Amino acid sequence: MLTQAKLDQVMAGFGALRWRAPQRTLLELAGDSAEVVWGPLRFFLDTRAAHGLDDLVLGALLRSVKGETEGRPRQVVACTRQGGALRVETRLSRLWILPAGSALGAADCPSDANKRYNAVIRWGVEAAAAGEHAAPYGAFVAQVKRFLPSVLERLDRAWAQPFLDWLGAVARLAGGGEAMKDLNDALKFYDRNREKIESLLQFRAELQEESEAFARRLEAKLRAGGVDGGLTLIDGRIFRYARQVKVGARAVVMGIEVEVALERLALHVEPVVVRDVELRRRPSSDDAAELLAKTALPTLAGDRRINPDNPEALAYQALKALFQNAAEALAAVRG
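So, a few notes on the structure that sits alongside this text. (Residues numbered from 1 in each chain as written. Predicted model: local features only at pLDDT ≥ 70, side-chain atom pairs only at ≥ 80, totals over all residues. Heavy atoms only, no water.)

**Considering helix α5 (residues 137-147)**
Part 1 of the argument: Every buried residue of α5 is accounted for by Tyr137, Phe140, Val141, Gln143 and Val144. An end-on view of α5 places all buried positions within 160 degrees of arc, on one side of the element. (Buried < 20%, exposed > 50% of the residue type's maximum accessible area, 1.4 Å probe, protein only. Helix = DSSP H or I, 4+ residues; strand = E, 2+ residues; numbered from the N terminus. Arc of directions from axis to C-beta.)

Structure (C-alpha cells):
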C-alpha cells in the first residue's frame, strides 16, 4: 500500500540526482575527421570484445546498408585490418568495410563462396561505386541510437564513456552533432546515476501496478455501493462514467473519465464525449469541446487529492460524489 514513507523515499531519490556539465573529450580535441572515428570502429564492431555492446555496432552498420544483410544473431569470428580495410567474418558473412576516402575498391576485396552474404561497405558516404554498398554516417548513427537502449544494462561501464564519445564524433561528421550531444549528455547522466534511476523506474512500475489494484478494489466497492450503470474501468486504472444524452439534435455518449494516479496522489478528472451515436465515432477535439460546453461537466474537471494515510476510503467517497455530480449534469442535459 502507498505510504508517505514511500513517497518521501522516491522524492529523496530524485533530489539526489545532480546534473554536471559535460567535459570535452579526447576525440573532440582531436578534431572532426574520418581518421579519428575509423580507428575505434574495429573494436566496437567485434562482438567478442569486452565493451558489452554485443552486435549493436555491427547491426547498425548492416541496417544502414540497403539490400539483403545478415540478421541476428550476428557473432563475429574474425575481425582484421587488411591494407586499409576491415575484414569482418561471421558464420554467414564476409564483410569488407572501407573508409570514405580509401583508394581500395570492390576488386581489392575478394568474396568467400562458402558464405551466404558477401558485401563491400563504404562507410561514411552517401553513394558508392558499383559492387559496393554505401553506409552514410547519419544512417549509421540513427540505427545505433534506435537500438542503444536495449544494451544499456549490459554495457561495460569502463567502455560506456569512450563509446559515447566516439559515437558523438561520428554524429558530428554526419552533421548531427548538436542532436547527438543532447543524447550523449543524457546518457552520461544516466550512466552516472544508473542505480538511482533504475530504482526510481522500478518504484514507478510498482506504483503503476498498485494503482491498477487500487482501482479494481474501488470498482468493486462502487458497484456494491450502487454505482453501476454507465461505469467502466479502462486501461487498468481509468474510470469512465458515461451515458447517452441528446445535445440539441445530436445523440452522444458523454460523461467523465477519472484516472487513478497514485504516483501523483490524485484522481484526475476529464470530461469526455465518448461517441457520436449516429456516426459511431468519437468527435474531433473541437467538436467535443463545443458539445461539453453545453453541459455542466467541465466544472468537474481537475484533480482530487488522495490522502496517503487513508487512500481507499477517501478515494471511494470522492469518486462516488464525482459520479453522482456527473449523473446530475447528464440528467440536466436530457431534460
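**Description of the nonpolar core**
Part 1 of the argument: Counting 39 residues, the largest nonpolar core has Trp123, Phe140, Phe163 and Trp166 as its most contacted members.
Part 2 of the argument: Of all the elements in the fold, those that place two or more residues in this core are α3 (34-45), α4 (56-63), β1 (76-82), β2 (85-90), β3 (93-99), β4 (117-123), α5 and α6 (157-173).
Part 3 of the argument: Top element by residues in this core is α6. It accounts for 8 residues.
Part 4 of the argument: In terms of nonpolar packing, the next biggest core, distinct from the first, is built from 36 residues, Val260, Leu291, Leu292 and Ala329 among them. (Core = buried A, V, L, I, M, F, W, Y, C linked by side-chain atoms within 4.5 Å.)

**Quick word on the packing of aromatic side chains**
Part 1 of the argument: Tallied over the entire structure, the rule returns 12 aromatic pairs.
Part 2 of the argument: With 6.4 Å between their ring centres and 40 degrees between their planes, Trp38 and Trp123 make a pair best called tilted. Taken together, the residues Trp38 in helix α3 and Trp123 in strand β4 connect sequence positions 85 residues apart.
Part 3 of the argument: On the basis of relative accessible area, Trp38 is assigned to the buried category, the value being 13%.
Part 4 of the argument: Taking the relative accessible area as the measure of exposure, Trp123 reaches 1% and is therefore buried.
Part 5 of the argument: Here the aromatic rings of Phe163 and Trp166 are separated by 6.1 Å at their centres, their planes lie at 35 degrees, and the arrangement is tilted. Placement of the pair is Phe163 and Trp166 together in helix α6, with a separation of 3 residues, close to one helical turn. (Phe/Tyr/Trp six-rings, centres within 6.5 Å; stacked < 30°, edge-to-face > 60°.)

**A look at the environment of His133**
Part 1 of the argument: Assignment of secondary structure puts His133 in strand β5 (residues 133-135).
Part 2 of the argument: For His133, a relative accessible area of 28% corresponds to the partly exposed category.
Part 3 of the argument: Along the sequence, His133 and Ala106 sit 27 residues apart, while their C-alpha atoms lie 9.7 Å from each other.

**Concerning the pairing of strand β7 (residues 238-247)**
A regular strand places its side chains on the two faces of the sheet in alternate fashion.
Part 1 of the argument: The buried count for β7 comes to 7 of 10 residues, which makes it a mostly enclosed element.
Part 2 of the argument: Bridge count for strand β6 (residues 231-234) against β7 is 4 bridges, and the pairing is antiparallel. What sits directly across from Leu231, in β7, is Tyr241.
Part 3 of the argument: Taken together, β6 and the strand that follows it, β7, pair antiparallel across an intervening segment of 3 residues, in which Asp235 is found at a positive phi of about 55 degrees.
Part 4 of the argument: Here β7 runs beside strand β8 (residues 250-261); their pairing, made up of 10 bridges, is antiparallel. (Pairing = 2+ DSSP bridges.)

**Some thoughts on the pairing of strand β9 (residues 266-276)**
Part 1 of the argument: In terms of residue burial, β9 counts as a mostly covered element, since 8 of its 11 residues are buried.
Part 2 of the argument: Pairing of β8 with β9, which is carried by 10 bridges, proceeds in the antiparallel orientation. By the bridge assignment for β9, Ala261 is matched with Ala266.
Part 3 of the argument: A loop of 4 residues connects β8 with β9, the two strands running antiparallel in sequence, and Leu265 in this loop sits at a positive phi of about 50 degrees.
Part 4 of the argument: Relative to strand β10 (residues 302-305), β9 runs antiparallel, the two being bridged by 4 bridges. Paired with Ala266 across the bridge in β10 is Arg305.

**Thoughts on the packing of α5 against α6**
Part 1 of the argument: Where α5 meets α6, the axes come as close as 8 Å, and the angle between the chain directions of the two elements is 145 degrees. The hand of the α5/α6 crossing is left-handed. Here Tyr137, Phe140, Val141 and Val144 of α5 lie close against α6, whose contacting residues are Phe163, Trp166, Leu167, Val170, Ala171 and Leu173.
Part 2 of the argument: Looking at the contact of α5 with α6 residue by residue, the classes come out as 10 nonpolar, no polar and no charged. (Axes fitted to C-alpha atoms, helices over the stretch in contact; angles between N-to-C directions. Left-handed = near helix turned anticlockwise from the far one by under 90°. Contact = heavy atoms within 4.5 Å. Nonpolar A, V, L, I, M, F, W, Y, C, P; charged D, E, K, R; others polar.)

By themselves, these are just geometric observations and shouldn't be taken as functional.
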